[in-house]
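Coordinate analysis (summary)
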Amino acid sequence: MSKTAELSIDGKTYSLPIYTGSENEVAIDISKLRDQSGVVTLDPGYKNTGATTSAITYLDGDNGILRYRGYSIEELAEKSTFIEVAYLLIFGELPGKDQLQRFRDDIKTHTLVHEDVKKILDGFPSTAHPMGVLASLFCSQTAFYPESLDPNRASEGVYMSIIRSMAKMPTFAAWAYKNALGHPVNYPDNQLEYCARFLKMMFALPAEPYAADPVISDAMDKLLILHADHEQNCSTSTVRMVGSSQASIYSSISAGINALWGPLHGGANQEVIIMLENIVKDGGNIDKWIAKAKDKNDPFRLMGFGHRVYKNFDPRAKIIKKAADDVLAKLGVKDPILDVAKKLEDIALRDSYFIERKLYPNVDFYSGIIYRALGIPVEMFTVMFAIGRLPGWIAQWKEMRENKEPIGRPRQIYTGQKERKYIDISKR
Ligand code: CMC
């Protein structure tokens, strides 16, 4: 017999179905509660609300577990590649050799963007943040591929939008950076694999040979895997929400890029480096900055610390911390902010404020240090996150469409004025 939960409101009892996930996560299904009782649930920030069922990513924040389609993040980061993980997330299974080859080749075929995209890029001043440029260029694909405006078209059409998204994202990202520099853009070199191709578009200068150091492209590939999906976070929920109105995949993902930009979400990786640099400039007085983070009258927060769902540790942060040591050693880079970051982490993890609130380093705490060592400029950090998160957004958009989910439309509790009479302007 299926389980139910009982809810009593004003002496009347309502029986609510209980939904159990494949990892025994339990949810009370309140979808019919309003029809039965006139009552809605209230949960600002969706702190305890499951907005969907999903078979893509499993996350257990209490035990620091993260799995894509059942495979542990630790194993994928060690043994897989970003393109393979993208295939896994989007299509549900690890690809066979031929499937992977086709996916990779299809992506390579579509890395070029329409020449007119350059005209759009030219319209941005070089002061434009690359995230804003990226979101705009991504959304501009609706103009170049108007057939994508119909998300219900045949699956081959959806496949092409997926391939184009994966293929053009690094081109848009590198071009957004070139715009900030005021430099001419580079075209994709399809002899190269995903990360090396991106790095060449980012860093090659006219008439100068460029080849990405394999240590750098391998480190980038690992970082992208770690960012590839994270179930119903702010940007992913945005992608699903926008897509639920049957907006195109390009506009849905563009909305996700904008949501990711904020400093409490993906923008935190940029803020962490700014914070660590400020601590170094300020003489390295870590205790002072810890005190600022704890002071409720000070808006400062320890960036790269805390997470809505991880209340033990963020498994991605563990992998990244080790990767930061490895990458810096391999590249022979000594970065004083790595030492500051480690000291800061050490002090915070022993401080009762952080212990009581279960605040641990998150994925963004050490990722910026690696990006810095790889030569990626700070304003591009969140763009790197977006490149990594793209397959997750695609997978979640595709799942939402395939499950025929209804349009997202939360309720509210109105707290404004009751009905009142209009006052003529002469009497106000
Ligand atoms: N520094 C100082 N205090 C903090 C921090 C922090 N980084 N994070 C949370 N707290 C405190 C907060 O003030 C509150 O204290 P109190 O109970 O006394 O009012 C308590 O911890 C709970 O915080 P919250 O803001 O209610 O928690 P949340 O789940 O709404 O927010 C968060 C999660 C990630 C937005 C928040 O921890 C934060 O602002 N962290 C810094 C920004 C950051 O690193 N963001 C990246 C997140 S990981 C990448 C991603 O997936 O987006």
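Just above, that's the structure.
For the structure given in this document, a descriptive report is provided here. (Residues numbered from 1 in each chain as written. Predicted model: local features only at pLDDT ≥ 70, side-chain atom pairs only at ≥ 80, totals over all residues. Heavy atoms only, no water.)

If you trace the 3 strands from one edge of the open sheet to the other, you get 1-2-3, paired in antiparallel fashion. The strands lining the two open edges of the sheet, one partner per strand, are strand 1 (4-9) and strand 3 (26-28). Here the strands of the sheet are splayed against their neighbours by 30 degrees on average, with no regard to which way each runs. As defined by bridge partners, strand 1 adjoins strand 2 (residues 12-20) across 6 bridges and the pair is classed as antiparallel. In the strand pairing of strand 2, Ile 9 is matched with Lys 12. (Pairing = 2+ DSSP bridges. Helix = DSSP H or I, 4+ residues; strand = E, 2+ residues; numbered from the N terminus. Axes fitted to C-alpha atoms, helices over the stretch in contact; angles between N-to-C directions.)

Attention now goes to helix 12 (residues 249-261). For helix 12, built from 13 residues, the straight-helix expectation of 18 Å at 1.5 Å per residue is met to within 8% by its first-to-last C-alpha distance of 19 Å. Among the 13 residues that make up helix 12, 10 are buried, leaving the element largely enclosed by the rest of the structure. Among all positions in helix 12, only Ile 249, Tyr 250, Ser 252, Ile 253, Ser 254, Ala 255, Gly 256, Ile 257, Ala 259 and Leu 260 are buried. Residues of helix 12 that are buried sit in contact with helix 6 (130-139), helix 7 (141-144), helix 8 (155-181), helix 11 (234-243) and helix 19 (381-402). Structurally, the start of helix 12 carries an N-cap: the backbone nitrogen of Tyr 250 is 3.3 Å from a side-chain oxygen of Ser 248. (Expected span 1.5 Å × (residues − 1). Buried < 20%, exposed > 50% of the residue type's maximum accessible area, 1.4 Å probe, protein only. Contact = heavy atoms within 4.5 Å. Polar contact = N/O pair within 3.5 Å; in protein donor to acceptor, adjacent residues only side chain to side chain.)

The interhelical angle for the contact between helix 3 (residues 82-91) and helix 4 (residues 97-109), taken along N-to-C directions, is 100 degrees, at an axis separation of 10 Å. Taken together, the axes of helix 3 and helix 4 lie roughly perpendicular to each other. Facing helix 3, whose interface residues are Ile 83, Glu 84, Ala 86, Tyr 87, Ile 90 and Phe 91, helix 4 presents Gln 99, Leu 100, Phe 103 and Ile 107. Split into classes, the residues belonging to the contact of helix 3 with helix 4 amount to 8 nonpolar, 1 polar and 1 charged. (Parallel < 35°, antiparallel > 145°, perpendicular 65-115°, else oblique. Nonpolar A, V, L, I, M, F, W, Y, C, P; charged D, E, K, R; others polar.)

Turning our attention to the site of the ligand. Of all residues adjacent to the ligand, which total 21 residues, the nearest are His 265, Arg 301, Leu 302, Arg 308 and Tyr 353. The contact in question runs from a nitrogen atom of the ligand to an N or O atom on the backbone of Leu 302, over 2.8 Å. Calculation on the ligand without its partners gives an accessible area of 940 Å², and the protein chains cover 78% of this total. Here the residues of the shell around the ligand are counted per class, giving 9 nonpolar, 6 polar and 6 charged. Here the shell around the ligand spans two domains, and each of domain 2 (71-266 + 391-402) and domain 3 (268-373) adds at least three residues to it. (Near = heavy atom within 4 Å. Areas by Shrake-Rupley, 256 points an atom, 1.4 Å probe, with all protein chains shown as cover. Domains from an automatic or database assignment.)

Another aspect to go through is the sheet that holds strand 4 (residues 57-60). The strand order 4-5-6 describes an open sheet built from 3 strands, whose pairing is antiparallel. In this open sheet, the two strands that pair with only one neighbour each are strand 4 and strand 6 (71-72). The sheet contact formed by strand 4 and strand 5 (residues 65-68) spans 4 bridges and is antiparallel. Bridge pairing links Tyr 58 to Arg 67 in strand 5.

Take empty space enclosed by the protein next. Over the atoms rolls a probe the size of a water molecule, and in doing so it shows where empty space is left. Going through the model one piece at a time under the given rule, you end up with 1 cavity of 30 Å³ or more. Within this model, the largest cavity holds a volume of roughly 40 Å³. Along its surface, the largest cavity is lined by Ile 83, Arg 104, Ile 107, Lys 108, Glu 193, Tyr 194 and Arg 197. Those elements that provide at least two residues to the lining of the largest cavity are helix 4 and helix 9 (194-203). The biggest single contributor to the lining of the largest cavity is helix 4, with 3 residues. (1 Å grid on protein atoms, 1.4 Å probe; cavity = no way out; pocket = protein on both sides within 12 Å on 5 of 7 lines; lining within 4 Å. Points joined across faces, edges and corners; volume = space filled by probe spheres on them.)

We now examine the packing of aromatic side chains. Taken as a whole and judged by the stated rule, the model has 17 aromatic pairs. Relative to Phe 365, the ring of Phe 305 lies with its centre 5.3 Å away and its plane at 90 degrees, an arrangement referred to as edge-to-face. A residue pair is termed long-range when its members are at least 10 positions apart, and Phe 305 in the loop between helix 14 (286-294) and helix 15 (315-331) and Phe 365 in helix 18 (residues 363-373) qualify at 60 residues. Residues Phe 305 and Phe 365 agree in their burial class; the two are buried. Here Phe 365 and Tyr 366 contribute two aromatic rings whose centre-to-centre distance is 5.0 Å and whose plane-to-plane angle is 85 degrees, an arrangement assigned as edge-to-face. Tyr 366 matches Phe 365 in its accessibility class, with the two residues each being buried. Following the ring pairs from residue to residue traces out a cluster consisting of Phe 305, Tyr 353, Phe 354, Phe 365 and Tyr 366. The ring of Trp 289 carries Lys 292 above its face, with NZ or CZ at 5.5 Å from the centroid. Over the aromatic face of Phe 313 sits the side chain of Lys 318, whose NZ or CZ is 3.9 Å from the ring centroid. (Phe/Tyr/Trp six-rings, centres within 6.5 Å; stacked < 30°, edge-to-face > 60°. Lys NZ or Arg CZ within 6 Å of the ring centre and 35° of its normal.)

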